[in-house]
Amino acid sequence: AECALVGGETAEMPGFYPEDEYDMAGFAVGIVDKKNMITGENIKEGDVIIGLPSSGIHSNGYSLVRKIFNITEESCKEYNEKLGETLGEALLKPTKIYVKEILELVKNVEIKGISNITGGGFIENIPRCIPKNKNLCATIEEGTWPVLPVFELMQELGEVERMSMYNTFNMGIGMVLVVAPENVSKVMEIVEGMNDKAYVIGKITSNEKEVEICLK
């Protein structure tokens, strides 16, 4: 992510962490010129919602993950045909970082709104980038992007309702952008030029709901 690590420490707390175990934590501070802020205030009906794919579960929803899967050393090493890899490989994929793609996009295209799909999934995160009190809704069309196999498997094994999945996990989309229709092709061109993918997953509509998932 091209961040500078300018300081820090490794604290030894033998009474807290067992021998040979450690914990890692961190924080980041950022600054942006007011004129460059992506506030969502210019979003209007007809704007297009573009999704950038996630690498996996990322860092949210693992309490439910642990309830669904029998997490043992043996189960994590076992190859799963539906996943196309071992369970451990699927669950431990590093979270995708979108810094380079976003920096390139904002230099070349007007990004009206942006939302990282973290805890709370689609339902709680996408509305954060849409202006309030304008009767605008993010209408998402399921089937416009590939839902990762790990989410399909969790829904099946855990007997989780589809909308609950969208309220917990990223479902294969880790970052959402809102752009004017005339800028869609430029966004696609830039992202694909960086050897990544982007999907048109919905649009901004007039609706009292903040977000609407149109299931297949």
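Please refer to the structure higher up on the page.
Residues numbered from 1 in each chain as written. Predicted model: local features only at pLDDT ≥ 70, side-chain atom pairs only at ≥ 80, totals over all residues. Heavy atoms only, no water.

## Topic: helix H6 (residues 149–158)
Our working definition: With a 1.4 Å probe rolled over the protein chains alone, any residue whose accessible area is under 20% of its type maximum counts as buried; one over 50% counts as exposed, and the rest are partly exposed. A run of H or I in DSSP counts as a helix once it spans at least four residues, and a run of E counts as a strand once it spans at least two, with each numbered from the N terminus. Residue contacts follow a heavy-atom distance rule, with two residues in contact if any of their heavy atoms lie within 4.5 Å.
Looking only at H6, the buried set comprises Val-150, Phe-151, Leu-153, Met-154 and Gln-155. Its buried side turned inward, H6 meets helix H1 (62–68), strand S2 (79–80), helix H3 (87–91) and helix H7 (162–166). A positive backbone phi angle near 50° is found at Glu-159, which sits one or two residues after H6.

## Section: the pattern of salt bridges
Worth spelling out the cut-off: One side-chain nitrogen of Lys or Arg within 4 Å of one carboxyl oxygen of Asp or Glu is enough to make a salt bridge.
As enumerated under the stated definition, the model contains 10 salt bridges in all. Put simply, Glu-104 and Lys-107 hold a salt bridge, and the shortest N to O gap is 3.4 Å. One end of the pair, Glu-104, and the other, Lys-107, are both in helix H4 (residues 99–108), three residues apart, so they sit about a helical turn from each other. The class of Glu-104 is partly exposed, set by a relative accessible area of 29%. Glu-212 is paired through a salt bridge with Lys-209; the nearest N and O atoms lie 3.9 Å apart.

## Quick look at the pairing of strand S1 (residues 48–53)
Selection criterion: Pairs of strands are assigned from DSSP output, requiring at least two bridges between the strands.
With six of its six residues buried, S1 lies for the most part within the structure. Of the two faces of S1, the one lined by Val-48, Ile-50 and Leu-52 and the one lined by Ile-49, Gly-51 and Pro-53 are each fully buried. Pairing of S1 with strand S7 (residues 199–206) involves four bridges; the strand directions are antiparallel. By the bridge assignment, Gly-51 is partnered in S7 with Tyr-199.

## Section: unusual backbone geometry
We note that Glu-159 has phi near 50°; this positive angle belongs to a residue other than glycine. The topology assignment puts Glu-159 in the loop between H6 and H7. Positive phi, close to 60°, is recorded for Asn-195, a residue that is not glycine.

## What to know about the sheet that holds S1
We count it as follows: For every element, the axis is a line fit to its C-alpha atoms; helices are fit only across the contacting stretch, and the angle between N-to-C directions ranges from 0 to 180 degrees.
Read across the sheet, six strands follow the order S4-S6-S1-S7-S5-S8 without closing on themselves; strand pairing throughout is mixed. Looking at strand neighbours, the two that pair on one side only are strand S4 (113–116) and strand S8 (211–214), the edges of this open sheet. Adjacent strand axes in the sheet meet at a mean angle of 25° when their direction is disregarded. Relative to strand S6 (residues 173–179), S4 runs antiparallel, the two being bridged by four bridges. Directly across from Gly-113, in S6, lies its bridge partner Val-178. Against the sheet, helix H8 (residues 184–193) touches S1, S6 and S7, its axis set at about 10° to S1.

## Here's the deal with H8
This is how it is decided: Within this analysis, the arc is defined by the directions that extend from the helix axis to the C-beta atoms.
Here H8 has its buried residues at Val-184, Val-187, Met-188, Ile-190 and Val-191. The buried residues of H8 occupy an angular sector of 165° when projected down its axis, which confines them to one face. Within H8, the exposed residues directed more than 90 degrees away from the buried face are Ser-185, Glu-189 and Gly-193. Lining the buried residues of H8 we find S1, H4, S6 and S7. Looking one or two residues past H8, Asn-195 carries a phi angle of roughly 60°, positive in sign.

## Remarks on the packing of aromatic side chains
Heads up, the condition is: Note on ring pairs: Phe, Tyr and Trp rings are taken, using the six-membered ring of Trp, and paired if centres are within 6.5 Å. Classes follow the plane angle, with under 30 degrees stacked, over 60 edge-to-face and the rest tilted.
Considering all chains together, one arrives at four aromatic pairs under this definition. Ring geometry for Trp-145 versus Tyr-166: centroids 6.3 Å apart, planes at 85°, classification edge-to-face. Here Trp-145 is found in the loop between strand S5 (136–141) and H6, whereas its partner Tyr-166 is found in helix H7, with 21 residues between them in sequence. Among the residues examined, Trp-145 registers a relative accessible area of 5% and is labelled buried. Taken together, the ring pairs in this structure connect Phe-122, Trp-145 and Tyr-166 into an aromatic cluster.

## Structural notes on a nonpolar patch on the surface
Rules: Residues enter patches when their relative accessible area tops 30% and they take part in no salt bridge; the joining distance is 9 Å for like charges and 5 Å for the nonpolar side chains Val, Leu, Ile, Met, Phe, Trp and Tyr. Working definition of accessibility: Shrake-Rupley area with a 1.4 Å probe, residue cover restricted to the visible protein chains.
Together, Ile-38, Ile-97, Val-99, Leu-103 and Val-106 give the surface a local cluster of nonpolar side chains, amounting to about 380 Å² of exposed area. Its location among the elements puts Leu-103 in helix H4.

## Topic: the state of the cysteines
Note the following rule: Disulfides are defined as pairs of cysteine sulfur atoms found within 2.5 Å of each other.
Following the criterion strictly, the structure yields zero disulfides and no others. Cys-129 carries a free sulfur, and the closest cysteine sulfur to it, the one in Cys-137, is 12 Å from it. Take Cys-129: its relative accessible area is 5%, and that puts it in the buried class. Residue Cys-137 stays outside any disulfide, its sulfur separated by 8.1 Å from that of Cys-214, the closest cysteine.

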